[in-house]
Amino acid sequence: MYGLDQFIGESSYWDKGIGTKVILAMKEYLVNEKNVDILVMDPQAWNERAIHCYEKCGFKKVRYLPKHEMHEGELRDCWLVEYRAR
């Protein structure tokens, strides 16, 4: 099992498919070259753009994680999303 985390900080690069390309490339490499069976991520629940990207790449929401991540001084809710290769 591997955990992934990525961040596109410059908003001028949003909505250009870059995140999808990054996730698909990492997924392909880890599954095919490293024989990883499960990939997980925990995006903040409000981040619908990221969650949509991950779902497009084959990830599924598996568990809601209330108050999971400290961000800017506040505990934020997240989703645990996973991809199962086999």
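In the block above lies the structure referred to throughout.
Residues numbered from 1 in each chain as written. Predicted model: local features only at pLDDT ≥ 70, side-chain atom pairs only at ≥ 80, totals over all residues. Heavy atoms only, no water.

**Student:** I keep staring at the packing of helix 1 (residues 18-33) against helix 2 (residues 48-56) and nothing clicks. Help me out?
**Tutor:** How two helices sit against one another is set out by the angle between their axes and by the gap between those axes. At a minimum axis distance of 9 Å, the contact between helix 1 and helix 2 shows a crossing angle of 45°. Taken together, helix 1 and helix 2 sit at an angle that is classed as oblique. The two elements helix 1 and helix 2 meet at a crossing, and its hand is right-handed. From helix 1, G19, T20 and I23 reach across to helix 2, where they touch C53, Y54 and K56. Along the lines of polarity and charge, the residues of the contact of helix 1 with helix 2 split into three nonpolar, two polar and one charged. (Axes fitted to C-alpha atoms, helices over the stretch in contact; angles between N-to-C directions. Helix = DSSP H or I, 4+ residues; strand = E, 2+ residues; numbered from the N terminus. Parallel < 35°, antiparallel > 145°, perpendicular 65-115°, else oblique. Left-handed = near helix turned anticlockwise from the far one by under 90°. Contact = heavy atoms within 4.5 Å. Nonpolar A, V, L, I, M, F, W, Y, C, P; charged D, E, K, R; others polar.)

**Student:** When you look at the sheet that holds strand 1 (residues 2-3) in this model, what are you seeing that I'm missing?
**Tutor:** Adjacent strands of a sheet pair through backbone hydrogen bonds, lying either parallel or antiparallel. Strand order in this open sheet of four strands is 1-2-4-3, and the pairing throughout is mixed. On the outer flanks of this sheet lie strand 1 and strand 3 (60-71), each paired with one strand and no other. Strand direction decides the pairing type here: strand 2 (residues 38-41) and strand 4 (residues 74-84), joined by four bridges, are antiparallel. Paired with I38 across the bridge in strand 4 is R84. (Pairing = 2+ DSSP bridges.)

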